[in-house]
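What the coordinates show
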Amino acid sequence: MRLGTMSNAINGGTIDDVVAEAQAAVELGAHTFWSSQIFGHDALTVLAIVGREVPGIELGTAVVPTYPRHPMMLAQQALSTQAAINSRGDAGLCLGIGLSHQVVVESMWGLSYSKPVRHLKEYLSILMPLLEGKPVKFDGEDYRVQGAVSVAGSSRPSVLVAALGPQMLRVTGALADGTATWCVGPKTLAELTIPTLRQAAADAGRPDPRVAVALPVCVTDDVAGARARAAQVFAVYDTLPSYKTMMNREGVDGPGGLAIVGTEAEVRDQIAELSSIGVTDFNAGVFASNPEELARTNSVLRQLV
């Protein structure tokens, strides 16, 4: 199982802060460094800069929303970011995409969220061949596209989808390279996410999918305090229906119940469990409350790498 770390500075910090985080991930020995796309910096733009500054690590988005970006425009941007990263001659881009949430799509962007599964299927049907340098002629319900893109010095990034429910997982397994999850625990991963995704990939004649799982992590002696802090720090995810459904399925009361917390041995065991059920990538969302917890958490992550 490959290990990655999540950026905390992408929304509240500067671009230099994100570069420093990526460098710290390299020094930790991490295989990947991931950036979310919320309401701060544009993730792909920042990762193109990071890719010129920090060699030796795969850079990923977790995740870029699809609705506000036409698939042809996202293909151009992702291939341009890949070209910037490829100039180093080493690890490249993993393009994580997702639908975002109904409240964001409709209330903030003023777009329709009426057919999300159809949207994803059409989006991937256009995006994937464009990333491979193939022309697209597509006539769907949401998109009607005819054209191609060509970005010199680039190559196709791997594409992961933030797929949670069964229908989304089946579309993802059939058309993309895997999934990138948040707020999904080991029980749900083992019973729903991984088998559904693998079966859809097999039915479509695709390779075994990549399963990138992100969860909050903290090595601490105060487990109850850490879970309470995780519940507070990540409280917004308890209000979003798609995540709440996953947490209910897992049988936990909010993000605090999903956090990987405990002593060094306990955290190692919890992360090892993810590997045993078929998770290919673990992305640590470190939420230490003090320098000692941060040092202890990083020490465990370094050992796992």
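For the structure given in this document, a descriptive report is provided here. Just so we're clear, the structure is a prediction, and the values are computed from it rather than from any experiment.

The interhelical angle for the contact between helix α3 (residues 43-53) and helix α4 (residues 71-86), taken along N-to-C directions, is 15°, at an axis separation of 7 Å. It follows that α3 is roughly parallel to α4 by the angle criterion. Note that α3 runs across α4; the crossing there is left-handed. Each of Leu44, Thr45, Leu47, Ala48, Gly51 and Arg52 in α3 lies in contact with α4, whose residues at this interface are Leu74, Gln77, Ala78, Thr81, Ala84 and Ile85. Residues belonging to the contact of α3 with α4 are distributed by class as follows: 7 nonpolar, 4 polar and 1 charged.

The N-to-C vectors of helix α2 (residues 15-28) and α3 enclose an angle of 50°; their axes lie 10 Å apart at closest approach. The pairing of α2 with α3 is recorded here as oblique in orientation. The hand of the α2/α3 crossing is right-handed. Here Ile15, Val18, Val19 and Ala22 of α2 come into contact with α3, specifically with Val46, Ile49, Val50 and Glu53. Partitioned by chemical class, the residues of the contact of α2 with α3 number 7 nonpolar, no polar and 1 charged.

A few words now on the layout of surface pockets. Considered as a void within the structure, the largest pocket measures approximately 1,300 Å³ in volume. Taken together, 45 residues form the lining of the largest pocket, with Val63, His101, Trp182, Tyr237 and Tyr243 sitting closest to its centre. Among the secondary structure elements, those contributing two or more residues to the lining of the largest pocket are α5 (102-108), α6 (116-131), β9 (178-182), α10 (241-250) and β12 (281-286). At 4 residues, the largest contribution of residues to the lining of the largest pocket is made by α10. Split by residue class, the lining of the largest pocket holds 30 nonpolar, 14 polar and 1 charged. The volume enclosed by the second largest pocket comes to roughly 330 Å³. Thr5, Glu21, Ala24, Leu294 and Asn298 are the residues nearest the centre of the second largest pocket, which is lined by 18 residues in total.

So, on to the pairing of β12. β12 sits mainly inside the fold: 6 of its 6 residues count as buried. Alternating positions in β12 separate into two faces, Asp281, Asn283 and Gly285 on one and Phe282, Ala284 and Val286 on the other, with burial throughout. Two elements, strand β1 (residues 2-6) and β12, share 4 bridges in a ladder whose sense is parallel. Paired with Arg2 across the two strands is Asp281, which belongs to β12.

Position of Glu58 relative to the elements: it lies in strand β3 (residues 58-61). On the accessibility criterion, Glu58 (8% relative accessible area) is buried. Among the polar contacts listed, one links the side chain of Glu58 to the side chain of Arg210, at a separation of 2.6 Å.

Thresholds, definitions, all that
- Residues numbered from 1 in each chain as written.
- Predicted model: local features only at pLDDT ≥ 70, side-chain atom pairs only at ≥ 80, totals over all residues.
- Heavy atoms only, no water.
- Axes fitted to C-alpha atoms, helices over the stretch in contact; angles between N-to-C directions.
- Helix = DSSP H or I, 4+ residues; strand = E, 2+ residues; numbered from the N terminus.
- Parallel < 35°, antiparallel > 145°, perpendicular 65-115°, else oblique.
- Left-handed = near helix turned anticlockwise from the far one by under 90°.
- Contact = heavy atoms within 4.5 Å.
- Nonpolar A, V, L, I, M, F, W, Y, C, P; charged D, E, K, R; others polar.
- 1 Å grid on protein atoms, 1.4 Å probe; cavity = no way out; pocket = protein on both sides within 12 Å on 5 of 7 lines; lining within 4 Å.
- Points joined across faces, edges and corners; volume = space filled by probe spheres on them.
- Buried < 20%, exposed > 50% of the residue type's maximum accessible area, 1.4 Å probe, protein only.
- Pairing = 2+ DSSP bridges.
- Polar contact = N/O pair within 3.5 Å; in protein donor to acceptor, adjacent residues only side chain to side chain.

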